[in-house]
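The residues making up each chain are set out below.
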Amino acid sequence: NAGVTQTPKFRVLKTGQSMTLLCAQDMNHEYMYWYRQDPGMGLRLIHYSVGEGTTAKGEVPDGYNVSRLKKQNFLLGLESAAPSQTSVYFCASSYMANSPLHFGNGTRLTVT
Amino acid sequence: EDKVVQSPLSLVVHEGDTVTLNCSYEVTNFRSLLWYKQEKKAPTFLFMLTSSGIEKKSGRLSSILDKKELSSILNITATQTGDSAIYLCAVDSRNTGKLIFGQGTTLQVKP
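In this report, we go over the structure that sits alongside the text.

Conventions and cut-offs
Residues numbered from 1 in each chain as written. Chains lettered and ligands numbered in written order. Predicted model: local features only at pLDDT ≥ 70, side-chain atom pairs only at ≥ 80, totals over all residues. Heavy atoms only, no water. Core = buried A, V, L, I, M, F, W, Y, C linked by side-chain atoms within 4.5 Å. Buried < 20%, exposed > 50% of the residue type's maximum accessible area, 1.4 Å probe, protein only. Helix = DSSP H or I, 4+ residues; strand = E, 2+ residues; numbered from the N terminus. Contact = heavy atoms within 4.5 Å. Buried area = accessible area lost by both parts, 1.4 Å probe. Salt bridge = Lys/Arg side-chain N within 4 Å of Asp/Glu carboxyl O. Polar contact = N/O pair within 3.5 Å; in protein donor to acceptor, adjacent residues only side chain to side chain. Nonpolar A, V, L, I, M, F, W, Y, C, P; charged D, E, K, R; others polar. Pairing = 2+ DSSP bridges. Axes fitted to C-alpha atoms, helices over the stretch in contact; angles between N-to-C directions. 1 Å grid on protein atoms, 1.4 Å probe; cavity = no way out; pocket = protein on both sides within 12 Å on 5 of 7 lines; lining within 4 Å. Points joined across faces, edges and corners; volume = space filled by probe spheres on them. Phe/Tyr/Trp six-rings, centres within 6.5 Å; stacked < 30°, edge-to-face > 60°.

**As for the nonpolar core**
Next up, step 1: Counting 23 residues, the largest nonpolar core has V4, Y25, L33, W35, Y87, V91 and L107 of chain B as its most contacted members.
Next up, step 2: Of all the secondary-structure elements, those providing two or more residues to this core are β3 (19-26), β4 (30-38), β5 (43-50), β7 (61-66), β8 (71-76), β9 (85-93) and β11 (105-110) of chain B.
Next up, step 3: Among the nonpolar cores identified, the runner-up in size contains 20 residues, and Y35 and Y48 of chain A together with A90 and L99 of chain B belong to it.

**Here's the deal with the interface of chain A and chain B**
Next up, step 1: Each side of the interface is counted separately: chain A has 20 residues, and chain B has 20 residues.
Next up, step 2: For the pairing of chain A and chain B, the buried interface totals around 1,600 Å² over both sides, and the portion due to carbon and sulfur atoms is 60%.
Next up, step 3: One can count 0 salt bridges joining chain A with chain B.
Next up, step 4: Taken together, the connections running from chain A to chain B amount to 4 residue pairs in polar contact (both at pLDDT 80 or more).
Next up, step 5: Those elements that provide at least two residues to the side of chain A that touches chain B are β4 (31-37) and β5 (43-49) of chain A.
Next up, step 6: Residue composition of the side of chain A that touches chain B, grouped by class: 11 nonpolar, 7 polar and 2 charged.

**Looking at the sheet that holds strand β1 (residues 3-7) of chain B**
Residues and elements named next belong to chain B.
Next up, step 1: Pairing is antiparallel in the open sheet, where 5 strands are placed in the order β1-β3-β8-β7-β6. In this open sheet, the two edge strands, each paired with only one partner strand, are β1 and β6 (55-58). Pairwise comparison of adjacent strand axes, ignoring direction, gives a mean angle of 15 degrees for this sheet.
Next up, step 2: Where β7 lies against β8, 6 bridges are found, and the strand directions are antiparallel. Paired with S62 across the two strands is N75, which belongs to β8.

**Examining the environment of N98 of chain A**
Next up, step 1: Note that N98 of chain A resides in the loop between β9 (87-94) and β10 (102-103).
Next up, step 2: C-alpha of N98 of chain A to C-alpha of L43 of chain A: the two residues are 55 residues apart in sequence and 18 Å apart in space.
Next up, step 3: If we skip the residues at most four places from it in the chain, N98 of chain A touches R31, S32, M48 and D92 of chain B.

**Description of the layout of surface pockets**
Next up, step 1: Taken as a whole, the largest pocket holds about 670 Å³ of empty space.
Next up, step 2: Residue lining of the largest pocket: 29 residues in total, with Q37, V88 and R108 of chain A together with Q38 and K40 of chain B positioned closest to the centre.
Next up, step 3: Elements represented by at least two residues in the lining of the largest pocket include exactly β9 and β11 (107-111) of chain A together with β9 of chain B.
Next up, step 4: Looking at the lining of the largest pocket element by element, the count peaks at 4 residues for β11 of chain A.
Next up, step 5: For the lining of the largest pocket, the per-class residue count stands at 9 nonpolar, 14 polar and 6 charged.
Next up, step 6: Considered as a void within the structure, the second largest pocket measures approximately 370 Å³ in volume.
Next up, step 7: Those elements that provide at least two residues to the lining of the second largest pocket are β5 of chain A together with β1 and β10 (99-101) of chain B.
Next up, step 8: Top contributing element to the lining of the second largest pocket by residue count: β1 of chain B, with 3 residues.
Next up, step 9: A class-by-class count of the residues in the lining of the second largest pocket yields 7 nonpolar, 3 polar and 6 charged.

**Focus on unusual backbone geometry**
Next up, step 1: Geometrically, the link from T7 of chain A to P8 of chain A is a cis peptide bond, its omega value of -10 degrees lying close to zero.
Next up, step 2: One can find P8 of chain A in the loop between β1 (4-7) and β2 (10-13).
Next up, step 3: Of note, the phi angle at N29 of chain B is positive, near 55 degrees, even though the residue is not glycine.
Next up, step 4: Mapped onto the elements of the fold, N29 of chain B is located in the loop between β3 and β4.

**Side note on the packing of aromatic side chains**
Next up, step 1: Tallied over the full model, the rule gives 12 aromatic pairs over all chains.
Next up, step 2: Aromatic pair Y36 of chain B and F101 of chain B: ring centres 5.9 Å apart, planes at 45 degrees, arrangement tilted. Pair noted here: Y36 of chain B is in strand β4 and F101 of chain B is in strand β10, with a separation of 65 residues, a long-range link.
Next up, step 3: What makes F101 of chain B buried here is its relative accessible area of 6%.
Next up, step 4: Put simply, the rings of Y31, Y33, Y35, Y48, F90 and F103 of chain A together with Y36, F45 and F101 of chain B touch in pairs and so form one group of aromatic residues.

**Here we look at the side chain of Q85 of chain A**
Residues and elements named next belong to chain A.
Next up, step 1: The residue Q85 is located in the loop between β8 (73-78) and β9 in this model.
Next up, step 2: Q85 gets classed as buried once you look at its relative accessible area, which sits at 5%.
Next up, step 3: In this structure Q85 touches R36, D62, G63, Y64, L78, S80, L109 and V111, once residues within four positions along its chain are discounted.

Written out as structure tokens, the structure reads:
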């Protein structure tokens with residue numbers, strides 16, 4: 001009963017490096033989301049997807065790219081990491097737009 | 001611009017106390033308001049409130065939606081140390097289909 005799985009759990013990057021965060025869900029959900037969480041700022045939406053092959057920008061999309069090639073996977077890429085991208089990243093999925101989100105356990109990313 | 005504001009940002013109480021957490025919103029074409037509890041890792045879903053379901057209760061937790069005041073409260077009675085967490089409020093708009101979260105309220109319950 002995996003739900004939403006994020007990999008990796010932790011990562012340290014140097015400024016300018018690139019990386020990809022992977023999110024996988026086994027609930028056959030259509031909608032998937034990437035949020036970042038910073039102290040005192042709640043969860044802010046980076047990008048989201050309403051189905052396989054689709055992506056859309058959220059509140060804070062700059063510096064990130066996403067892809068949803070398969071329904072169960074949603075990838076978040078950082079092409080050139082910056083210290084401002086130090087954060088905890090959460091992936092979430094939902095059955096449809098007005099359904100509660102199911103969250104992964106997060107990825108703690110530090111950019112030095 | 002859609003906006004969700006929670007208050008207070010942090011709260012310290014003792015076991016047995018009752019707490020009320022607030023969430024106010026400015027969202028075009030409101031559809032629903034959701035409450036989540038976040039302990040160490042992933043937020044977990046508590047309640048969803050809509051125009052057709054403005055009050056929800058589960059054990060010691062209850063929540064009410066006030067569509068006129070564009071706000072919601074989350075009440076926790078007889079608090080326990082296990083209630084210590086960040087409580088997140090989020091609002092869904094029909095226009096965007098995206099959940100907008102507030103800053104969260106950090107609750108600490110002392111023995």
